[in-house]
Amino acid sequence: MSNANLTLMFFLQAAAVLLACRAAGSLARRLRQPEAVGHMIAGIALGPSLLGASLPDVQSWLFPTGSRPLLHVVAQVGLVLYMFLVGVEFRLDLFRLKARAAGAIAAAGMIVPLLVGMGIAAWLHGTEPRQFGEGVSRLQAMVFLGAAMSITAFPMMARMIAERGLSTSAVGTLLLAAGAIDDVLAWCVLALLPALVGSGAAAGWWPAAFAFGGGAAFVAVVAVIRPLMKRLHPPAEPGALVLPSPALTAVLTMLALAAWCTDLVGVHSVFGAFVVGAAVPRGWLSEGLLRTLTPVVTALLLPFYFVSSGLSTRVTLIDSWWMWVVAAVIVVGACAGKLLACAAAARLSGEGGRESLAIGAMMNARGLMELMVLNIG
């Protein structure tokens, strides 16, 4: 596909994506569901599961294979900017008070579903029809499914927290902190997964150690350079609606470098974006960034993330009663394991009963990370 045709097709795709997400998001709100759920459904509807199944020629024309890389890039830009804004709203003061509880919730929310997934995989490995490829050992199947069931989708959870207006609340801060820790642990698992299943050159513990050490080093560097952001000059007019270009350029440059660095060490760019956002000094700079970037990011760029994921989802592959049973067992096991584990950890950390259940439910957000586990698989 030529550059001119790719550009022309992209604008048509953008119109389809924005309209579909807007309609599905409005419907989700009427049903008292997060708007992000509607956007996920819109993404699946535009993919092979609905549009591709009912009007395959239209779907292949609207979203040709050659345009997928561009959609993916736009989706990643929107995701990085959104997670940066989530970090800008993050309450560091509350995090310091909740750090131990956040660590306990993140650890429990990964270990229990990991064990449940390994148990389900051990059972499925010996069943017919086969659920894993030829030559896949029982241990490999257990590691793969356990990892897929244990991960929380940090960006999805952050979106739902923001929609509910909980970003600056105690529960919201605890969830964001637990999600950030879970994100680092998840990327260590993803870096370690090829080693555990023996994928040649990637085998060994080095990728996971590099990811964990690189992520820790990145946080330390951001903490050191954070005071430099305070030297950015405020707008000439107090209360200006838009940040001055030099300040906005400096922050966005730092964000781009952060996304590049964290991707380079093996931790997803959303972690770097979140950390840089959390490091932004509170006051005129944070308020100006939220006021300047939020409308464009949430209304224009973020919907591409959900559609990009939906284009890779094919629900029609679940085509027998046995596959539906397997899917139900995996979904129930993953959701129940994370819900009960995170709720119990929150309760033991001093949270109330209702808040603990809310934490367990929100930590069940799934999305991008599971797709990456599937890609490794």
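Here, the structure is the one placed above.
Residues numbered from 1 in each chain as written. Predicted model: local features only at pLDDT ≥ 70, side-chain atom pairs only at ≥ 80, totals over all residues. Heavy atoms only, no water.

Caption draft 1: Geometry of the overall build of the protein. Along the backbone of the protein there are 16 helices and zero strands. Counting all 377 residues of the protein, 47% fall into the buried class. In the protein, the proportion of contacts linking residues at least 24 apart, taken out of those at least 6 apart, comes to 79%. As displayed, the protein offers around 17,900 Å² of accessible surface, 70% of which is attributable to carbon and sulfur atoms. (Helix = DSSP H or I, 4+ residues; strand = E, 2+ residues; numbered from the N terminus. Buried < 20%, exposed > 50% of the residue type's maximum accessible area, 1.4 Å probe, protein only. Contact = heavy atoms within 4.5 Å. Areas by Shrake-Rupley, 256 points an atom, 1.4 Å probe, with all protein chains shown as cover.)

Caption draft 2: Structural context of a nonpolar patch on the surface. Together, L257, W260 and L264 give the surface a local cluster of nonpolar side chains, amounting to about 360 Å² of exposed area. By secondary structure assignment, the location of L257 is in helix α11 (residues 245-265). (Patch = residues over 30% accessible without salt bridge, like charges linked within 9 Å, V, L, I, M, F, W, Y side chains within 5 Å. Salt bridge = Lys/Arg side-chain N within 4 Å of Asp/Glu carboxyl O.)

Caption draft 3: Representation of the packing of helix α1 (residues 3-30) against helix α13 (residues 284-310) in the model. Where α1 meets α13, the closest approach of the two axes is 9 Å, and the angle between their N-to-C directions is 90 degrees. Here α1 is positioned roughly perpendicular relative to α13, judged by the angle of their axes. When α1 is examined against α13, the residues F10, A14, V17, L18 and C21 are found in contact with a partner set consisting of A299, L300, P303, F304 and V307. Taken together, the residues that form the contact of α1 with α13 break down as 10 nonpolar, no polar and no charged. (Axes fitted to C-alpha atoms, helices over the stretch in contact; angles between N-to-C directions. Parallel < 35°, antiparallel > 145°, perpendicular 65-115°, else oblique. Nonpolar A, V, L, I, M, F, W, Y, C, P; charged D, E, K, R; others polar.)

Caption draft 4: View of the environment of I181. Tracing the chain through its elements places I181 in helix α9 (residues 170-196). Under the relative-accessibility criterion, I181 is labelled partly exposed at 27%.

Caption draft 5: The packing of α11 against helix α12 (residues 269-279), seen in detail. Interaxial distance between α11 and α12 falls to 7 Å at its minimum, and their mutual angle equals 140 degrees. For the element pair α11 / α12, the angle class is oblique. As for the relative orientation of α11 and α12, their crossing is right-handed in sense. Taking contact as the criterion, the partners of M254, L255, A258, A259, T262 and D263 in α11 are, on α12, S269, F271, G272, A273 and V276. Split into classes, the residues belonging to the contact of α11 with α12 amount to seven nonpolar, three polar and one charged. (Left-handed = near helix turned anticlockwise from the far one by under 90°.)

Caption draft 6: Summary view of the packing of aromatic side chains. Scanning the model with the defined rule gives four aromatic pairs in all. Considering the side-chain rings of F10 and F304, the 5.6 Å spacing of their centres and the 15 degrees angle between planes classify their relative orientation as stacked. Taken together, the residues F10 in helix α1 and F304 in helix α13 connect sequence positions 294 residues apart. Taken together, the ring pairs connect F10, F11 and F304 into an aromatic cluster. (Phe/Tyr/Trp six-rings, centres within 6.5 Å; stacked < 30°, edge-to-face > 60°.)

Caption draft 7: Quick look at the nonpolar core. Formed by 82 residues in total, the largest nonpolar core has its most connected members in M83, F84, I105 and L289. Ranked by the residues each element gives to this core, the list is headed by helix α5 (residues 68-89), at 12 residues. Ignoring any residue separated from it by four or fewer positions in sequence, one finds F84 in contact with V251, L255, A273, F274, V276, G277, V280, L289 and L293. Listed in part, the 17 residues of the second largest apolar core include M110, A148, I151 and W322. (Core = buried A, V, L, I, M, F, W, Y, C linked by side-chain atoms within 4.5 Å.)

Caption draft 8: Representation of the pattern of salt bridges. This model, assessed by the stated rule, comprises one salt bridge. Close ionic contact of E35 with R29 constitutes a salt bridge, the shortest N to O distance being 3.1 Å. For E35, a relative accessible area of 17% puts it in the buried group.

Caption draft 9: The environment of N364, seen in detail. Checked against the element boundaries, N364 lands in the loop between α15 (353-362) and α16 (368-376). Given a relative accessible area of 14%, N364 falls into the buried group. On a C-alpha basis, the gap between N364 and F154 in space is 9.8 Å, while along the polypeptide they are 210 residues apart. If near-sequence neighbours (up to four positions away) are discounted, N364 is found in contact with A334, C335, K338 and L339. A polar contact of 3.4 Å, which involves the side chain of N364, links it to the backbone oxygen of G360. (Polar contact = N/O pair within 3.5 Å; in protein donor to acceptor, adjacent residues only side chain to side chain.)

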